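One letter stands for each residue in the lines below.
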Number of protein chains: 2
Amino acid sequence: MGNAKEGRDPRVQKWAPVCQAVALLLGPYAEVVLHDPDTDQVLEIWNPMTSRGPGDPSLLGELDELDPSAQDVFGPYEKLLADGRRLSSVSAVLRDAQDRPSAVLCINLDRTPLEQASAVLSAFGAPTVQRPRPLFEQDWSERIQHIIGGYVRETGRPVERMTRQDRLAILGRLDEARVFAVRRAAPVVAGALRVSRSTVYGLLAELRTPSAKD
Amino acid sequence: MGNAKEGRDPRVQKWAPVCQAVALLLGPYAEVVLHDPDTDQVLEIWNPMTSRGPGDPSLLGELDELDPSAQDVFGPYEKLLADGRRLSSVSAVLRDAQDRPSAVLCINLDRTPLEQASAVLSAFGAPTVQRPRPLFEQDWSERIQHIIGGYVRETGRPVERMTRQDRLAILGRLDEARVFAVRRAAPVVAGALRVSRSTVYGLLAELRTPSAKD
DNA sequence: CCCATGCTTGGACTGTACGTCCAGACTGGA
DNA sequence: TCCAGTCTGGACGTACAGTCCAAGCATGGG
């Protein structure tokens, strides 16, 4: 925080107060990340909720390829962490004086405590318990499509023309969303990703071994 | 509170500490009433939300006619006040040493402030651009507990002492919620229902064959 | 009290899907 | 051309989903 400034990226210097303010405001439940869209790396991170740090890959995709006239603020969209926490995330493309993308700001808010509190309160209210019918995630294959579609929308890259890294990222999200706990999900994912079942398992294994990663 | 005791009903003396404790715990939003099931009158009232007082008619109905072996705790059910406030209410039959109904305890909780707070919190959590509500149950074992718990609360019957029909009903709901599409769910359900895996599959088969049904 | 009936149970068994492994095919780059 | 990295179909072992059954156990009628 109060350390030497000469080593810090000017973009970090420029936006750090904003990021820090947001991080302080939202307390321990929000993570604020500043990404470098060129190198696709994390520039700085406040209140990190995972073990990421500056220099780590962003896994954002090439946002800089986006049309300058296009939207600069994305979300809020949903992310799922491995431990079950649910995040509401927003991203914003920050531009320099020449209107070129200079950094990408992401704010990830952990919804879990809010949802728990909300559940406690509404549980108080439930009188003649009506059937919790409306709320089932009827179709898990929809969830698969949702996650993959979200990634495609984020990166602007269709399922064909995806690199190995893209597939790894998507499988990471699917795995975090516990998609593979349901029967017959792996072949469906393979089909949706236009890839063989073997590849899915291979990438998944690579993703889950801490040794092969990083 | 500190007034003469000679005029007070012994039942009030007996139960007053409990009632007062509940009234204190739930703050200004809960009303605690002690009824006399014989005369159908209010014995005592803490945190009254209407202008009722001791001696007023209870409007409870003849609870004393209940089978001694039947249920002694009712609710929560909904009540509506004239001013629009909604209450969640529970009632309990309090018995004496001879196991005869001696008094009826009612707790009425004003849901309105809780509902408002709940709305605030869920507004925080529900911003995403997603369709209606994909927002539930990351954890399928929680969903199982939720469905079973809901049924127990509805019928007031614990998992032991359940009849075959209860189990059929619960399995129907679980099946509708697609719980059995996830791996290892059946043994978990069997455990939660205090029943063997065989029984689960047996009931499930009975449930899914149109011929054996109705 | 005994027997009949119906439900549950553990265990054995089969089938299906999971996940691993590998040799060969394909790709892009030196 | 070779080489390294990746994907692929298929074979294979394992784990789990479901089925089946003989034996226990409760309930209720005679």
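Residues numbered from 1 in each chain as written. Chains lettered and ligands numbered in written order. Predicted model: local features only at pLDDT ≥ 70, side-chain atom pairs only at ≥ 80, totals over all residues. Heavy atoms only, no water.

### Re the overall build of chain A
Here is the rule: Elements are defined by DSSP. Helices are runs of H or I of four residues or more, strands are runs of E of two residues or more, and each kind is numbered from the N terminus. Relative accessibility under 20% of the residue-type maximum defines a buried residue, over 50% an exposed one, and the middle range a partly exposed one, all with a 1.4 Å probe and only protein chains included. Contacts are assigned to residue pairs that have any heavy atoms within 4.5 Å of one another. Only the protein chains shown count as cover for residues, and all accessible areas are computed by the Shrake-Rupley method using a 1.4 Å probe.
Counting secondary structure elements, chain A contains 6 helices and 5 strands. Secondary structure of chain A in N-to-C order comes out as α-β-β-β-β-β-α-α-α-α-α. Counting every position in chain A, which comprises 214 residues, the buried fraction comes to 41%. The long-range share in chain A, meaning contacts at least 24 apart out of those at least 6 apart in sequence, stands at 44%. Of the roughly 11600 Å² of accessible surface on chain A, a fraction of 55% belongs to carbon and sulfur atoms.

### Details of the protein's contact with DNA strand C
Applicable threshold: We call a residue near a molecule or strand whenever a single non-hydrogen atom of that residue lies within 4 Å of it. Pairing of N or O atoms within 3.5 Å defines a polar contact, subject to two protein rules: one partner must be a possible hydrogen donor and the other a possible acceptor, and residues neighboring in sequence count only if both atoms are side-chain atoms. We call Asp, Glu, Lys and Arg charged. Ala, Val, Leu, Ile, Met, Phe, Trp, Tyr, Cys and Pro are nonpolar, and the rest, Gly among them, are polar.
Lining the immediate surroundings of DNA strand C are 15 residues, of which Arg 184 of chain A together with Arg 164, Ser 196, Ser 198 and Thr 199 of chain B lie closest. A distance of 3.0 Å separates a base oxygen of DNA strand C from a polar atom in the side chain of Ser 198 of chain B. Counting residues per element, the ones that place at least two in the surface near DNA strand C are helix 5 (185-192) and helix 6 (197-208) of chain A together with helix 4 (164-176) and helix 6 (197-208) of chain B. Partitioned by chemical class, the residues of the surface near DNA strand C number 4 nonpolar, 4 polar and 7 charged.

### A short note on the packing of helix 4 (residues 164-176) of chain A against helix 6 of chain A
In helix packing, the relevant descriptors are the interaxial angle and the interaxial distance, both defined with respect to the helix axes. All names here are of chain A. Which entries qualify depends on this criterion: Note on method: axes are straight lines fitted to C-alpha atoms, helices fitted across the in-contact stretch only, with angles between N-to-C directions ranging 0 to 180 degrees. Convention used here: angles under 35 degrees read as roughly parallel, angles over 145 as roughly antiparallel, angles from 65 to 115 as roughly perpendicular, and any remaining angle as oblique.
Look at helix 4 against helix 6: their axes get within 10 Å of each other, and the N-to-C directions meet at 75°. One element, helix 4, and the other, helix 6, form an angle in the roughly perpendicular class. Residues Arg 164, Arg 167, Leu 168, Leu 171, Gly 172 and Asp 175 of helix 4 pack against Val 200, Leu 203, Leu 204, Glu 206, Leu 207 and Arg 208 of helix 6. Looking at side-chain class alone, the contact of helix 4 with helix 6 contains 6 nonpolar, 1 polar and 5 charged residues.

### Notes on unusual backbone geometry
All names here are of chain A. Even without glycine at this site, Arg 184 takes up a positive phi of about 70°. Relative to the helices and strands, Arg 184 is located in the loop between helix 4 and helix 5. You can call Arg 184 exposed: its relative accessible area is 61%. Its identity as a non-glycine residue notwithstanding, Arg 194 has a phi of 55°, on the positive side. In this fold, Arg 194 is placed in the loop between helix 5 and helix 6. Accessibility expressed as a relative area gives 59% for Arg 194, which makes it exposed.

### Considerations on the pairing of strand 5 (residues 101-110) of chain B
All names here are of chain B. Spelled out, the test is: A pair of strands is considered paired only if DSSP assigns at least 2 bridges between the two.
Taken across its 10 residues, strand 5 has 9 buried, putting it largely inside the fold. Direction of pairing for strand 1 (residues 30-36) relative to strand 5: antiparallel, over a ladder of 6 bridges. Its bridge partner being in strand 5, Val 33 is matched across the sheet by Cys 106.

### As for the protein's contact with DNA strand D
Close to DNA strand D lie 15 residues; Arg 164, Arg 183, Ser 196 and Thr 199 of chain A together with Arg 184 of chain B are nearest. Taken together, the sugar and phosphate atoms account for 67% of what DNA strand D places within 4 Å of the protein. The side chain of Thr 199 of chain A places a nitrogen or oxygen atom 2.8 Å from a phosphate oxygen of DNA strand D. Here a base nitrogen of DNA strand D sits 3.1 Å away from a polar atom, N or O, in the side chain of Arg 197 of chain B.

### A few points about helix 5 (residues 185-192) of chain B
All names here are of chain B. Worth spelling out the cut-off: Comment: arc refers to directions from the helix axis out to C-beta atoms.
What helix 5 keeps buried is the set Ala 185, Ala 186, Val 189, Ala 190 and Ala 192. Taken down its axis, helix 5 places every buried residue within 165° of arc, on the same side. One or two positions beyond helix 5, positive phi appears at Arg 194, with a value near 55°.

### With respect to the environment of Ser 102 of chain A
Relative to the elements of secondary structure, Ser 102 of chain A occurs in strand 5 (residues 101-110). When the C-alpha positions of Ser 102 of chain A and Asp 36 of chain A are compared, they lie 7.1 Å apart, and in sequence the two are 66 residues distant.

### Some remarks on the nonpolar core
The line we're drawing: Nonpolar cores are built from buried Ala, Val, Leu, Ile, Met, Phe, Trp, Tyr and Cys residues. Side-chain atoms within 4.5 Å join them into one set.
Counting residues in hydrophobic clusters, the biggest one holds 25 residues, and the most contacted among them are Leu 171, Leu 174, Phe 180 and Val 189 of chain A. Broken down by secondary-structure element, the contributors of at least two residues to this core are helix 3 (140-155), helix 4, helix 5 and helix 6 of chain A. Residue contacts for Phe 180 of chain A: discarding those within four places in its chain leaves Leu 171, Leu 174, Asp 175, Ala 185, Ala 186, Val 189, Val 200 and Leu 204 of chain A together with Arg 183 of chain B. If you look at the next biggest cluster of nonpolar residues, it comprises 24 residues, including Val 159, Leu 174, Ala 186 and Ala 192 of chain B.

### Examining the side chain of Glu 31 of chain A
All names here are of chain A. In this fold, Glu 31 is placed in strand 1 (residues 30-36). Note on Glu 31: relative accessible area 3%, which makes it buried. Of note is the side chain of Glu 31, whose polar atom sits 2.7 Å from the side chain of Asn 108.

### Things to note about the environment of Ser 91 of chain A
Residues and elements named next belong to chain A. The topology assignment puts Ser 91 in strand 4 (residues 86-95). The class of Ser 91 is buried, set by a relative accessible area of 5%. With 17 residues separating them along the chain, Ser 91 and Asn 108 place their C-alpha atoms 8.8 Å apart.

### Comments concerning a positive patch on the surface
For clarity, the cut-off: Patch members must show over 30% relative accessible area and no salt bridge, and they are joined within 9 Å when carrying like charges or within 5 Å when they are nonpolar side chains of Val, Leu, Ile, Met, Phe, Trp or Tyr. By salt bridge we mean one thing: a side-chain nitrogen of Lys or Arg within 4 Å of a carboxyl oxygen of Asp or Glu. Here the positive residues are Lys and Arg and the negative ones are Asp and Glu; neither His nor the chain ends is included. Where a charge lies is defined by one atom per residue type, namely NZ (Lys), CZ (Arg), CG (Asp) and CD (Glu).
Where like charges cluster on the molecular surface, the positive patch consists of Arg 183 and Arg 184 of chain A together with Arg 183 and Arg 184 of chain B. Tracing the backbone shows Arg 183 of chain A in the loop between helix 4 and helix 5. Owing to a relative accessible area of 43%, Arg 183 of chain A belongs among the partly exposed residues under this scheme.

### Thoughts on the pattern of salt bridges
Within the structure shown, the criterion is met by 4 salt bridges over all chains. One salt bridge connects Asp 175 of chain A with Arg 208 of chain A, and the closest N-O pair in it is separated by 2.8 Å. With Asp 175 of chain A in helix 4 and Arg 208 of chain A in helix 6, this pair connects stretches of sequence that are 33 residues apart. For Asp 175 of chain A, a relative accessible area of 18% translates into the label buried. With its nearest N and O atoms 2.4 Å apart, the salt bridge here joins Glu 206 of chain B to Arg 164 of chain B.

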